[in-house]
Amino acid sequence: MGIENRAFEIKATVLGSFRKAKPEIDLAIEELRDYGINVLGPDTGSVILPKRGDLYLPYPHFAPLESEQGMTPEEVERLFIETCVTKSDFVLVVNPNGYIGEMASYEIQVANSRGITIYYSREPIHIANANIPDELALRVRNLSIKDIVRIEQEARSQT
């Protein structure tokens, strides 16, 4: 069977900075879906950048999706962790310039604590949260999405 035919049972979540890499995140999501991966989150599309007097102003780095409008950062993160990250077979951190922000750092820690495989699009250079163990930051493979799908499929075929 080809990649497209066997990937249907694999679930993934894509992590990354919406402010710095949302177009790249959306491209990764679409490519994973093209290979039949069930991408649990995030949604594709534009983000809302905080304006003066906004609910999000105390959280200057928070850029919610349109579907998250009116939710607090805590609500968004809790929902994302519960419905996406913890239900994934793997996560892909999209960090085109090596940057990993605070939210993605936290999500990486959650995924690691659950034994979820973590892939990075690029070697992390700047990690906003120093709580990520070095071994997680160094577990980098410059793999194409096609290679990630193949590795995940092979891992499932051996179980």
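Computed from a predicted structure; not experimentally measured.

(A) Structural detail: the pattern of salt bridges. Under the defined criterion, the tally for this structure stands at seven salt bridges. Several salt bridges converge on common partners, so that one network encompasses Asp89, Glu152 and Arg156.

(B) The packing of helix α3 (residues 73-83) against helix α4 (residues 102-113), seen in detail. The contact between α3 and α4 brings their axes to 11 Å, and the two run at 30°. Regarding α3 and α4, the two cross each other, and that crossing is right-handed. Between α3, through Pro73, Glu77, Phe80 and Ile81, and α4, the contact on the second element is made entirely by Met103, Tyr106, Glu107 and Val110.

(C) Representation of the packing of helix α2 (residues 18-34) against helix α6 (residues 145-157) within the structure. Between α2 and α6, the shortest axis-to-axis distance is 10 Å and the interhelical angle comes to 45°. Compared by their axis directions, α2 and α6 come out oblique. The interaxial crossing formed by α2 with α6 has right-handed handedness. Counted together, Ala28, Glu31 and Leu32 of α2 and Ile145, Lys146 and Val149 of α6 form the full contact between these two elements. Across the contact of α2 with α6, the residue classes tally to four nonpolar, no polar and two charged.

(D) Spotlight on the nonpolar core. Judged by nonpolar contacts, the single largest core of 20 residues is most densely connected at Val14, Leu32, Ile37, Phe90, Leu92 and Ile145. If you look at the next biggest cluster of nonpolar residues, it comprises 15 residues, including Leu15, Ile81, Val93 and Ile100.

Cut-offs used in this document
- Residues numbered from 1 in each chain as written.
- Predicted model: local features only at pLDDT ≥ 70, side-chain atom pairs only at ≥ 80, totals over all residues.
- Heavy atoms only, no water.
- Salt bridge = Lys/Arg side-chain N within 4 Å of Asp/Glu carboxyl O.
- Axes fitted to C-alpha atoms, helices over the stretch in contact; angles between N-to-C directions.
- Helix = DSSP H or I, 4+ residues; strand = E, 2+ residues; numbered from the N terminus.
- Left-handed = near helix turned anticlockwise from the far one by under 90°.
- Contact = heavy atoms within 4.5 Å.
- Parallel < 35°, antiparallel > 145°, perpendicular 65-115°, else oblique.
- Nonpolar A, V, L, I, M, F, W, Y, C, P; charged D, E, K, R; others polar.
- Core = buried A, V, L, I, M, F, W, Y, C linked by side-chain atoms within 4.5 Å.
- Buried < 20%, exposed > 50% of the residue type's maximum accessible area, 1.4 Å probe, protein only.

Don't take any of this as a statement about function, it's just geometry.
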